[in-house]
Amino acid sequence: MKKKVVLLLTGALCSFAFYACSKNKIKDAPITKEVSEETGAAARRGSTDTSIYDPTCLLAPNAKLKILGEGFSFTEGPAVDKKGNIFFTDQPNDKIYKWAANNGKITTFLTGTGRSNGMAFDKNGNLITCADMHGELWKIAPNGSHTVLVNNYKGKLLNGPNDVWINPKNGGMYITDPIFPRGYWDAGDPRQQEWPPTHSQQAPTGKGGYVYYLAAGSHTLVRVTTEAMGWDADGWPNGVVGTPDGKKLYVNKWAPDINTAGTWVFDIKPNGTLANMRKFADMGGDGMSMDERGNIYISNSYGVTAFNSKGIKIFNVPTGDGATNNVFGGPNNKTLFITGPVDKLTAIKMNVNGVEKF
């Protein structure tokens, strides 16, 4: 009798879970605005399916993708502060905006950001930004003043820092540095060239796309992806995220076919360098985040797609027109904020916490 009761209860729970998850396979109205250059032509050819895929119930019940703000030119770089506020960039307009967790309002935090792209908060409340106007990494204080942390590798101009992850265990920073020639760069900038790029200050031929490490308190970059470990520098390293224990780093690549550029995982050594490079997923793209279960959320033309720690796809939320980046935040750290489509900031409620707020 007891065995039958257990089986009945188990069946009921499974049925409830299936029902709850099935309610999250919702439809969003398609958005037809053309994405801009970095999302790429492939994004415009991407999936038109707007149904959410969520077999493991990562979404909160009845969750729907909501537009929090629109009318921007190219949203990027969402970062969460200690209060759950979200800061994001509009790179063509050289602005950083703040979405307030207490009232949902969006205000301008800073104008004149060095054309900041990817961002992250450090433990002291400073906003670390990839300012690619002059190939710099900035530290922006709460009052908006900034310090340039680094602008070169061995005396040569960086391509244009794209994204940053800060190791919560030691404060060390990892930055990706792809070459994306920008129309707003100064005349005579040695990085300026036709598309597609064929050289950079970091490589006489090829793109010279590497990942770098900046130890806490240091002003000298260390190149942590190398040809010797199997890294192909003739590409565009883009999104970067690590585990909260500081032991693993994930890096993806952008490519004209954005969805198949690949994502790799590395072991982080005590000195901050990387080892044991291996392919994590065939999917590549743009900015990434992580939840408390170790799932990796990749932004690209399919919206945001999550893979578990074994590289198995377990989640997708389309925006209708791609995504550039994502981060968890909000008052309870259980909302996934998405810069995508590129003229909007969107969000969806989740059942899991993010791990980047500290």
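See the structure shown above.
Throughout this document, residue positions are counted from 1 along each chain, in the order its sequence is written. Given that this is a predicted model, residues contribute local features only at a pLDDT of at least 70 and side-chain atom pairs are listed and counted only at 80 or more, while totals for whole chains, interfaces and linings are drawn from all residues. Processing note: side-chain calculations cover all non-hydrogen atoms of the structure and skip hydrogens and water entirely.

Engineer: Can you walk me through the overall build of the protein in this structure?
Structural biologist: In terms of regular secondary structure, the protein is built from two helices and 26 strands. Throughout, exposure labels follow a simple rule: accessible area from a 1.4 Å probe, protein chains only, divided by the maximum for the residue type, with under 20% read as buried, over 50% as exposed, and the rest as partly exposed. Taking all 358 residues of the protein together, the buried fraction comes to 58%. Only heavy atoms matter for contacts: two residues are in contact if any of them lie within 4.5 Å across the pair. For the protein, the share of sequence-separated contacts (at least 6 apart) that also reach a separation of at least 24 residues comes to 53%. Secondary structure counts use DSSP, requiring at least four H or I residues in a row for a helix and at least two E residues in a row for a strand, with both numbered from the N terminus.

Engineer: Explain the sheet that holds strand 25 (residues 335-339) to me, please; I cannot follow it from the model alone.
Structural biologist: For two strands to count as paired, DSSP must find a minimum of two bridges between them. Across the sheet, which stays open at both edges, the four strands sit in the order 1-26-25-24 with antiparallel pairing between neighbours. Sheet topology places strand 1 (66-70) and strand 24 (325-329) at the edges, where each strand pairs with a single neighbour. Along the sheet, successive strands turn relative to each other by an average axial angle of 25 degrees, direction set aside. With five bridges connecting them, strand 24 and strand 25 associate as antiparallel partners. Among the inter-strand pairings, Asn325 is bridged to a residue of strand 25, identified as Thr339. Every axis corresponds to a line fitted to the C-alpha atoms, with the helix fit spanning only the stretch in contact, and the corresponding angles, defined between N-to-C directions, vary from 0 to 180 degrees.

Engineer: What am I meant to see in a positive patch on the surface here?
Structural biologist: Residues enter patches when they are more than 30% accessible in relative terms and free of salt bridges; like-charged ones are connected within 9 Å and nonpolar ones (Val, Leu, Ile, Met, Phe, Trp, Tyr) within 5 Å. All accessibility values rest on the Shrake-Rupley procedure with a 1.4 Å probe; residue burial counts only the protein chains present in the view. Salt-bridge detection follows one rule: a side-chain nitrogen of Lys or Arg within 4 Å of a carboxyl oxygen of Asp or Glu. Neither His nor the chain termini are counted; the positive set is Lys and Arg, and the negative set is Asp and Glu. One atom stands in for each charge, and that atom is NZ of Lys, CZ of Arg, CG of Asp or CD of Glu. Residues Lys82, Lys123, Lys169 and Lys247 make up a contiguous surface patch of positive charge. By relative accessible area, Lys82 is classed as exposed at 52%.

Engineer: Looking at this model, I keep getting lost on the pattern of salt bridges. Mind explaining?
Structural biologist: A side chain of one charge can pair with a side chain of the opposite charge when the charged atoms of the two come close. Throughout the structure, instances matching the rule amount to eight salt bridges. The partner of Lys344 in a salt bridge is Glu70, with the nearest N and O atoms 3.8 Å apart. Within this pair, whereas Lys344 is found in strand 26 (residues 344-349), its partner Glu70 is found in strand 1, the two being separated by 274 residues in sequence. A salt bridge links Asp234 to Lys207; its shortest N-O distance comes to 3.1 Å. With Asp234 in the loop between strand 15 (222-223) and strand 16 (236-242) and Lys207 in the loop between strand 13 (173-177) and strand 14 (210-214), this pair connects stretches of sequence that are 27 residues apart.

Engineer: I'm lost on the sheet that holds strand 3 (residues 86-90) in this one. Help?
Structural biologist: Whenever strands of a sheet pair, they do so through backbone hydrogen bonds, lying parallel or antiparallel. The strand order across the open sheet formed by four strands is 2-3-4-5, and the pairing between neighbours is antiparallel. Edge strands, defined here as strands with exactly one partner in the open sheet, are strand 2 (75-80) and strand 5 (106-111). Neighbour-to-neighbour, the strand axes of the sheet open up by a mean angle of 25 degrees, direction not taken into account. For strand 4 (residues 95-99) and strand 5, the ladder comprises five bridges, and the chain directions are antiparallel. Residue pairing for strand 5: Lys95 is matched across the bridge by Thr111.

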